[in-house]
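Chains, contacts and geometry: an overview
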Amino acid sequence: MAYETILFEVDSDIARLTLNRPDKLNSFNTQMHREVRQALSGLSSSSARVLVLSGAGRGFCAGQDLGDRAVAPGSDGVDLGESLENRYNPLVLTLHNLPMPVIAAVNGVAAGAGANIALACDIVVAARSASFVQAFSKLGLIPDSGGTWILPRLVGSARAMGLALLGNKLPAEQAASWGMIWQCVDDAELAGTVDALARQFAVAPTRGLAATKAALRRSWRHSFAEQLDIERDTQRDLGRSSDYAEAWRRSPRSVRRTLPAADMRRVSTPSGVI
């Protein structure tokens, strides 16, 4: 499919989605939302085992294109809730729930909704020159696209409050030191670092990675005892999967020796039971 505001391809089991409005710092308009939604909707039927989300040019994403949100003098304003309900919320939920690892490669500024779209991904790698800005307070708004949920869980209440109320630019290096992102690398190393991660995930047991994502995300809603039950049930299911059998066959003997003997006997392979 031909796109005008994004670049999208699936190659060697790696899906790459690039926001491509560099003259607007890749800010979202209605067309970009539509094209991103179309691209993501086809992932489940593709060969993709990992998604890389990035931005073209000198920025990752500046959030919403305010040219689409002009307020006429004397008017009743615009319904920003409609935009969230129909576009931003479905987008971050899709990224959050994809049954594969999602890597955000942040090459420049990630501001407003753009910052929170990046943080909704599973792994965030940022160039040293990149930055994150919760710009909403400058417009009399609250952090959206998951910002009020994601930020305190990543950096704690005090830092989340400061970022949200002040709207200060947070350099990538500080974001990494705070645990807000996975890694900050030199600008020249960003593409290579993200590519290596994507290739690692592309050959990993995808079903187990998807289950790991789901278990970690669900843990916030459960007590410790409830989460132990979820781990038990999920591990039981995964232990019977072909992914586990294949991963066990490929694993070094040193790893195999750490597995309980009972688990090893239950591993099914195409040639029988080990």
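In case you missed it, the structure is sitting above this.
Residues numbered from 1 in each chain as written. Predicted model: local features only at pLDDT ≥ 70, side-chain atom pairs only at ≥ 80, totals over all residues. Heavy atoms only, no water.

**Here's the deal with the pairing of strand E2 (residues 14–19)**
E2 sits mainly inside the fold: five of its six residues count as buried. Where strand E1 (residues 6–11) hands over to E2, the hairpin turn is made up of two residues, of which Ser-12 adopts a positive phi near 55°. Where E2 lies against strand E3 (residues 50–55), six bridges are found, and the strand directions are parallel. What sits directly across from Arg-16, in E3, is Val-52. Of the crossover connections in this fold, the one passing from E2 over helix H1 (residues 30–41) to the parallel E3 is right-handed. (Buried < 20%, exposed > 50% of the residue type's maximum accessible area, 1.4 Å probe, protein only. Helix = DSSP H or I, 4+ residues; strand = E, 2+ residues; numbered from the N terminus. Pairing = 2+ DSSP bridges. Right-handed = clockwise from strand over helix to strand, strands pointing away.)

**With respect to empty space enclosed by the protein**
If you roll a probe as big as a water molecule over the atoms, it shows you where there is empty space left. Throughout the structure, instances matching the rule amount to two cavities of 30 Å³ or more. As a volume, the largest cavity reaches approximately 40 Å³. Those elements giving two or more residues to the lining of the largest cavity turn out to be E2, H1 and helix H2 (80–97). Looking at the lining of the largest cavity, its residues break down into nine nonpolar, no polar and no charged. By volume, the second largest cavity amounts to about 30 Å³. Lining the second largest cavity are Phe-132, Val-133, Gln-134, Leu-163, Asn-168, Leu-170 and Met-180. (1 Å grid on protein atoms, 1.4 Å probe; cavity = no way out; pocket = protein on both sides within 12 Å on 5 of 7 lines; lining within 4 Å. Points joined across faces, edges and corners; volume = space filled by probe spheres on them. Nonpolar A, V, L, I, M, F, W, Y, C, P; charged D, E, K, R; others polar.)

**As for the sheet that holds strand E9 (residues 169–171)**
Strand order across the open sheet formed by four strands is E4-E6-E8-E9, with mixed pairing between neighbours. Strand pairing shows two members of the sheet lacking a second neighbour, strand E4 (59–61) and E9, which therefore form its edges. Averaged over neighbouring strand pairs, the angle between their axes works out to 20° when direction is ignored. (Axes fitted to C-alpha atoms, helices over the stretch in contact; angles between N-to-C directions.)

**A few points about the sheet that holds strand E5 (residues 102–106)**
What links the strands of a sheet is backbone hydrogen bonding, and the strands pair in either a parallel or an antiparallel sense. Overall, mixed pairing links the six strands, which are arranged E1-E2-E3-E5-E7-E10 in an open sheet. The sheet is open, and its two edges are formed by E1 and strand E10 (183–185), each paired on a single side. With direction set aside, neighbouring strand axes in the sheet form an average angle of 15°. Strands E2, E3, E5, strand E7 (123–127) and E10 of the sheet are contacted by helix H7 (residues 190–202), whose axis makes an angle of about 160° with E7. (Contact = heavy atoms within 4.5 Å.)

**Brief notes about H7**
Here H7 spans 18 Å end to end across 13 residues, near enough to the 18 Å set by a 1.5 Å rise per residue. In this structure, the buried side of H7 is in contact with E2, E3, E5, E7, E10 and helix H8 (206–218). (Expected span 1.5 Å × (residues − 1).)

**Quick look at the pairing of E7**
Of all the five residues making up E7, five are buried; the element is thus mostly covered by neighbouring parts of the structure. Burial of E7 is two-sided: the residues Ile-123, Val-125 and Ala-127 facing one way and the residues Val-124 and Ala-126 facing the other way are all buried. Note: E5 against E7, four bridges, orientation parallel. Counterpart to Ala-105 in the pairing with E7 is Val-125.

**Remarks on the pattern of salt bridges**
For side chains bearing opposite charge, pairing can occur when the charged atoms are close. Within this structure, the stated rule accounts for 12 salt bridges. Of the charged contacts in the structure, one is a salt bridge between Asp-195 and Arg-16, with a shortest N-O distance of 2.7 Å. With a gap of 179 residues between them, Asp-195 in helix H7 and Arg-16 in strand E2 connect regions that are remote in the sequence. Note on Asp-195: relative accessible area 23%, which makes it partly exposed. Looking at Arg-16, the relative accessible area reads 23%, which means it is partly exposed. The salt bridge partner of Asp-237 is Arg-207, with a shortest N-O separation of 2.8 Å. Of this pair, Asp-237 sits in helix H9 (residues 224–239) while Arg-207 sits in helix H8; the two residues are 30 residues apart in sequence, bridging distant segments of the chain. We classify Asp-237 as partly exposed; its relative accessible area is 40%. A relative accessible area of 39% means that Arg-207 is categorised as partly exposed. Taken together, the salt bridges that share partners define one network made up of Asp-229, Arg-232, Asp-233 and Arg-236. (Salt bridge = Lys/Arg side-chain N within 4 Å of Asp/Glu carboxyl O.)

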